[in-house]
Amino acid sequence: MQGEQSGAKANCSGTIDNLLIHRMVCQYSQRGHRNLSMAWIDVKKAYDSVDHRWLEQMFYLHRFPRWIDDVITRLSAKWNSKIAARIVKRMETSERIRFSKGLPQGDALCPRLFTISINPLAWKLRASEGYRLSRPISQKVTDLLYIDDLMIYAASQGKLQVVMSDARMAMEDIGLACNERKCAVADVKRAKLETSDESIIGEEDVIESLKKGSQYKFLGILENVNHEDNLVLQNAEKVYLDRLSVLWSSPLSDYNKVLATNLPALTYFMWTQVWTIVDLQRLDIETRKVMVVNGAKHPLSSTDLLYLPRKLGGRGLKSIEREYKTIKIKAAMNLYSNNDPAIHLVRQFEEKAARTGSRPLLKDAESYAKQLGLRLEFQYPQSVGVTEAGNVIDRKKFSGWSKKVNQSRGCAEIESERWQGKLIAERWRDEDVDEECFAWKD
């Protein structure tokens, strides 16, 4: 599997890595007022279009062991389906329909087969001129590929058309085709989007240019010449609050309601988007308001108690603000443990941004870690955090450590409360009360 392919790859957060790289390229163009041409390519019925004969050739080209090739050949020859339809009072079933092309979806093998089949496309794109970053990075970025979601970069519109034409021919060899309605191109000149009626690749394929004020959704993120952080937050907030209203007005148990609330539509976006803490605090307030309206929380009950584990008398709710800060620290630490060459470019870009005074991921992570009493030390290939007591916390231990710190601080806040805090604290200190005291909450 080629390095540009981030899908179906071990030890790789494919969508997150690609979005970080794309964000770096866009910010590089915006901050330096440099030209940039890019294209978003969507493949039409990608899995259904792969020719089985092409797949056999790819196994031979990649020099896989012969027995693997034989197994895949036998499997693909047996892929079939039936069409069933209910007519009046009986069911009519067709004969077996065998597939000469296409990969069945829903298992762990077929994504691997698909990524192997489009490796020639990745080779073609990697050989292109791409988009070159200046010193001290001095590297080029040609494309981003996640399964069938493709992003192409070039230094000008003319060069982009050449690369897209080559990519189209490579896709035709595989049996794939572009879905023009879901593709778009953008031509950025001196950090401003230049709009044109259309961009033509080939004789019949026409791809529209991205207009000012419009967005393209790439890997779930709305973007134009850069990531639309505020718009992403607005859309995610609407989905999140609508989901909360349904959850907390449902007949589910409190445990299941909290469990569903702790899997919001926000977590995925936190890894790549930059949001203000004020907005996140407002979302936490809105969450508690929904609970109050639906009778799940008394208006005067302890707020800190909501975020404690149930075994300590809390509700087990996760704070959006704390979750965002934790994810940003983990993202910065992951940046220094990832050995992908493309992520190495992101690391260099963030370090340069920290030196020039921009708001990079590293600065935010250091600030949030300091609030937890942790000093981050960024160093490839392993970044660590050092506590005030001198203990070293590596990337794998950080999640558990931060959870304990937030829990201890929550307990301290509750103990300082005069009413509910005093009652809960007395139960914690009572030696005659065992761990099953709050078991009823589960």
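One structure accompanies this document, and this report is about it.

Definitions and limits used
Residues numbered from 1 in each chain as written. Predicted model: local features only at pLDDT ≥ 70, side-chain atom pairs only at ≥ 80, totals over all residues. Heavy atoms only, no water. Helix = DSSP H or I, 4+ residues; strand = E, 2+ residues; numbered from the N terminus. Expected span 1.5 Å × (residues − 1). Buried < 20%, exposed > 50% of the residue type's maximum accessible area, 1.4 Å probe, protein only. Arc of directions from axis to C-beta. Contact = heavy atoms within 4.5 Å. Core = buried A, V, L, I, M, F, W, Y, C linked by side-chain atoms within 4.5 Å. 1 Å grid on protein atoms, 1.4 Å probe; cavity = no way out; pocket = protein on both sides within 12 Å on 5 of 7 lines; lining within 4 Å. Points joined across faces, edges and corners; volume = space filled by probe spheres on them. Nonpolar A, V, L, I, M, F, W, Y, C, P; charged D, E, K, R; others polar. Salt bridge = Lys/Arg side-chain N within 4 Å of Asp/Glu carboxyl O.

**Some remarks on helix 3 (residues 66–77)**
Phase 1 of the analysis: For helix 3, built from 12 residues, the straight-helix expectation of 16 Å at 1.5 Å per residue is met to within 8% by its first-to-last C-alpha distance of 17 Å.
Phase 2 of the analysis: Of all the positions in helix 3, only Asp 69, Ile 72 and Ser 76 are classed as buried. The buried side chains of helix 3 occupy one side of the element, clustering within an arc of 70° when seen end-on. In helix 3, the exposed positions that point more than 90 degrees away from the buried face belong to Arg 66, Trp 67, Arg 74 and Ala 77.
Phase 3 of the analysis: Each element contacted by the buried residues of helix 3 is listed here: helix 2 (52–61) and helix 4 (109–117).

**Description of unusual backbone geometry**
Phase 1 of the analysis: The step from Tyr 380 to Pro 381 runs through a cis peptide bond, and the omega angle for that step is 10°.
Phase 2 of the analysis: Tracing the backbone through its elements, the reader meets Pro 381 in the loop between strand 16 (374–377) and strand 17 (384–387).
Phase 3 of the analysis: One non-glycine residue, Ile 147, lies in positive phi territory at about 55°.
Phase 4 of the analysis: Unlike most non-glycine residues, Arg 190 shows phi in positive territory, near 50°.
Phase 5 of the analysis: Looking at the element boundaries, Arg 190 is found in the loop between strand 10 (184–189) and strand 11 (192–194).

**Side note on the nonpolar core**
Phase 1 of the analysis: Of all hydrophobic cores here, the largest spans 77 residues; its most connected members are Met 24, Trp 40, Tyr 153 and Trp 275.
Phase 2 of the analysis: Beyond its immediate stretch of four places on either side in the chain, Trp 275 contacts Asp 229, Val 232, Leu 233, Leu 266, Phe 269, Met 270, Leu 280, Tyr 324 and Arg 359.
Phase 3 of the analysis: Counting residues in each nonpolar core, the second largest holds 38 residues, with Ala 122, Ala 154, Met 164 and Leu 176 among its members.

**Quick look at empty space enclosed by the protein**
Phase 1 of the analysis: Counted according to the given criterion, the structure contains 5 cavities of 30 Å³ or more.
Phase 2 of the analysis: Forming the walls of the largest cavity are Tyr 240, Thr 261, Asn 262, Pro 264, Leu 266, Thr 267, Met 270, Leu 317, Lys 318, Ser 319, Ile 320 and Glu 323.
Phase 3 of the analysis: Among the secondary structure elements, those contributing two or more residues to the lining of the largest cavity are helix 9 (267–270) and helix 11 (320–335).
Phase 4 of the analysis: Residue lining of the second largest cavity: 12 residues in total, with Gln 157, Leu 160, Val 185, Ala 186 and Asp 187 positioned closest to the centre.
Phase 5 of the analysis: Listed by contribution, the elements that provide at least two residues to the lining of the second largest cavity are helix 6 (157–174) and strand 10.
Phase 6 of the analysis: Ranked by residues supplied to the lining of the second largest cavity, first place goes to helix 6 with 4 residues.
Phase 7 of the analysis: Looking at the lining of the second largest cavity residue by residue, the class counts come to 4 nonpolar, 6 polar and 2 charged.

**Side note on the layout of surface pockets**
Phase 1 of the analysis: Put simply, the largest pocket is a space of about 730 Å³.
Phase 2 of the analysis: In this structure, the largest pocket is lined by 26 residues; those nearest its centre are Tyr 307, Gly 316, Leu 317, Lys 318 and Lys 403.
Phase 3 of the analysis: At the level of secondary structure, the elements contributing two or more residues to the lining of the largest pocket comprise helix 8 (254–261), helix 11 and helix 14 (395–415).
Phase 4 of the analysis: In terms of residue class, the lining of the largest pocket is built from 9 nonpolar, 8 polar and 9 charged.
Phase 5 of the analysis: Approximately 510 Å³ is the volume attributed to the second largest pocket.
Phase 6 of the analysis: Lining the second largest pocket are 18 residues, with Asn 11, Cys 12, Ser 13, Asp 17 and Asn 338 sitting closest to its centre.
Phase 7 of the analysis: Taken together, the elements giving at least two residues each to the lining of the second largest pocket come down to helix 1 (14–32) and helix 11.
Phase 8 of the analysis: Class assignment of the residues belonging to the lining of the second largest pocket gives a composition of 8 nonpolar, 6 polar and 4 charged.

**Looking at the pattern of salt bridges**
Phase 1 of the analysis: Under the defined criterion, the tally for this structure stands at 16 salt bridges.
Phase 2 of the analysis: With its nearest N and O atoms 3.0 Å apart, the salt bridge here joins Lys 325 to Glu 321. Taken together, the residues Lys 325 and Glu 321, both in helix 11 and 4 residues apart, mark about one turn of the helix. Of the two residues, Lys 325 and Glu 321, neither departs from the other in class, the shared state being buried.

Honestly, it's all geometry; don't read function into it.
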